[in-house]
Amino acid sequence: MDLGVRWKLHGDGRSPAPGAVVRPDERLSWPRTVGLGAQHVVAMFGASFVAPVLMGLDPNLAIMMSGVATVIFLLATRGRVPSYLGCSLSFVGVAAVIRAQGGTSASVTGAVLVVGFALFLVGLAVQRFGARIIHAAMPPIVTGAVVMLIGFNLAPVTASTYWPQDQWTALLVMIFTALAVVGLRGFWSRIAIFLGLVFGYGISWAFDRIFGRIHSADASGKVTDHWRLDLSGVGKADWIGLPSFHGPTFQWSAILVALPVVIALVAENAGHVKAVGEMTGDPLDDKLGTAISADGVGSMLSTALGGPPNTTYSENIGVMAATRVYSTAAYWAAAGFALLFGLCPKFGAVVAAIPGGVLGGITVILYGMIGLLGAQIWTNARVDLRNPLNLVPAAAGVIIGVGDVTMKFSDHFSLSGIALGTVVVITGYHGLRALAPAHLKQQEPLLDEGTSSYDEAKA
């Protein structure tokens, strides 16, 4: 059985030939391949260890399981889809909602495990019936609206939790990160979030030396005098050790909040598979279902142990585009580095010490970018928002999601925010479409035009 773990040496092994790319089944020399793997780890660091911190989960376990999930993904796709799986930011809002309802870390991971299982089933269905089932249930107007409301639902978290802890640090980190994203080129622009975090650590340390303790809310919300950057836990942490594990618990209220994220993950996977296929010149339509299922399996395994869910990372796709090296050998190296970092508690202690003000500056940009990905889906699919069939359900769902509107059905069951907004978008669109006149039903190509050949092959 070909597992995609054999690579041919590309050229002289030093760099891609002029106009050529290093294909997934090729590699450069092993020292260069290992170096590229380290570069991929740095690219995913910014978001992949901020996400577990925001979700209240162990960053060491998150990094370790990202390596495990990447290995699962590479084996499942037989090495044809070079991709790194890191902690998904789509679940940050879900975790915040679940915790606001009194949920624990076990409740969060239990709900997300169910989402991983649902994603696995979607992948199997795509393998069996083709991508048309995704298009029929989740056209771009639905997918874009759900991604948008998931991102913008996070705005109160930044405004009320992180930004008030140190508003001036938050402002400076926001400005620095924005300048890094726009002003830097190539690989450096891809790690702008990571650079923003490093800058935030430095400015927090400097402010502590210059101005002393700050009087503001700490991470628990209690207003006290405290240091912006507290590294006391780093000195106490061991260099080598296992991360903390815990089992999931399953609560219907938490599961209902988390399930809408399946839509965002399907759209994300479809877009990434198409992008990688275009860059490598190898149509990957036949691997879409496998990629989605592998994503689900990786997330289930991670959350079963107490870690966060995982998804394909656009940051790493950007690194491939910049280097023209699409070798899956580099991703195996990156997965190895992630496993090693996961076994270093001192690394986790450094991550856990991220000052609240730094997270405030980062999340202003990060959460907004998540929300605006929904608008990007609409733009790419040429969704016509002048059409009331598109406009009405999207408008209603986004406002419900952003405003965290609650619908109470009984003393023990209610829907609000992300969950209610998603239900309104999906049922509203399909319900109105069933009643709409024919001229409103003219529709542009759906979620991912790159899957058309896959559908024809399955027909």
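Residues numbered from 1 in each chain as written. Predicted model: local features only at pLDDT ≥ 70, side-chain atom pairs only at ≥ 80, totals over all residues. Heavy atoms only, no water.

With an unreviewed UniProt entry as reference, the protein chain is termed Solute carrier family 23 protein, source organism Streptomyces gilvifuscus. Quoted verbatim from the Sequence similarities (unreviewed entry) field of the UniProt record, the comment on the protein chain reads "Belongs to the nucleobase:cation symporter-2 (NCS2) (TC 2.A.40) family." UniProt lists a comment for the protein chain under the heading Subcellular location (unreviewed entry), and it reads "Membrane". (UniProt positions renumbered as here; feature names shortened; annotations may be inferred.)

Novice: Could you give an account of the overall build of the protein chain, naming the residues involved and the relevant values?
Specialist: A count of helices and strands for the protein chain gives 21 helices and eight strands. Across the 459 residues in the protein chain, those meeting the buried criterion constitute 54%. With an accessible surface of roughly 19300 Å², the protein chain has 66% of that area assigned to carbon and sulfur atoms. (Helix = DSSP H or I, 4+ residues; strand = E, 2+ residues; numbered from the N terminus. Buried < 20%, exposed > 50% of the residue type's maximum accessible area, 1.4 Å probe, protein only. Areas by Shrake-Rupley, 256 points an atom, 1.4 Å probe, with all protein chains shown as cover.)

Novice: Just give me the short version of a nonpolar patch on the surface, but keep the residues and values in it.
Specialist: On the surface, Leu242, Phe245, Leu301, Leu305 and Leu343 cluster together into a nonpolar patch covering about 430 Å² of accessible area. Given a relative accessible area of 35%, leucine 301 falls into the partly exposed group. (Patch = residues over 30% accessible without salt bridge, like charges linked within 9 Å, V, L, I, M, F, W, Y side chains within 5 Å. Salt bridge = Lys/Arg side-chain N within 4 Å of Asp/Glu carboxyl O.)

Novice: Pulling in residues and values, what's your account of the environment of asparagine 387?
Specialist: Residue placement: asparagine 387 occurs in the loop between α18 (356–380) and α19 (388–403). The exposure class of asparagine 387 is buried, given its relative accessible area of 9%. Taking the C-alpha atoms as reference, asparagine 387 lies 9.0 Å from lysine 441; in sequence the two are 54 residues apart. Reaching out from asparagine 387, the side chain makes a polar contact with the backbone nitrogen of leucine 389 at a distance of 2.9 Å. (Polar contact = N/O pair within 3.5 Å; in protein donor to acceptor, adjacent residues only side chain to side chain.)

Novice: Explain the side chain of serine 302 residue by residue, including any values.
Specialist: Locating serine 302 in the fold gives a position in helix α14 (residues 288–304). In this structure serine 302 comes out as buried when scored by relative accessible area, which is 0%. Excluding residues that lie within four positions of it along the chain, serine 302 makes contacts with Met65, Gly307, Pro308 and Asn310. (Contact = heavy atoms within 4.5 Å.)

Novice: Outline the packing of helix α2 (residues 59–76) against helix α16 (residues 328–342), listing residues and values.
Specialist: Describing two packed helices takes the angle between their axes plus the distance from one axis to the other. Their axes nearest at 7 Å, the elements α2 and α16 cross at an angle of 155°. Here α2 is positioned roughly antiparallel relative to α16, judged by the angle of their axes. For the element pair α2 and α16, the recorded crossing hand is left-handed. Mapping the contact onto sequence places Asn60, Ile63, Met64, Ser66, Gly67, Val68, Thr70, Val71, Leu74 and Leu75 in α2 and Thr328, Tyr331, Trp332, Ala335, Ala338, Leu339, Phe341 and Gly342 in α16. Counted by class, the contact of α2 with α16 contains 12 nonpolar, six polar and no charged residues. (Axes fitted to C-alpha atoms, helices over the stretch in contact; angles between N-to-C directions. Parallel < 35°, antiparallel > 145°, perpendicular 65-115°, else oblique. Left-handed = near helix turned anticlockwise from the far one by under 90°. Nonpolar A, V, L, I, M, F, W, Y, C, P; charged D, E, K, R; others polar.)

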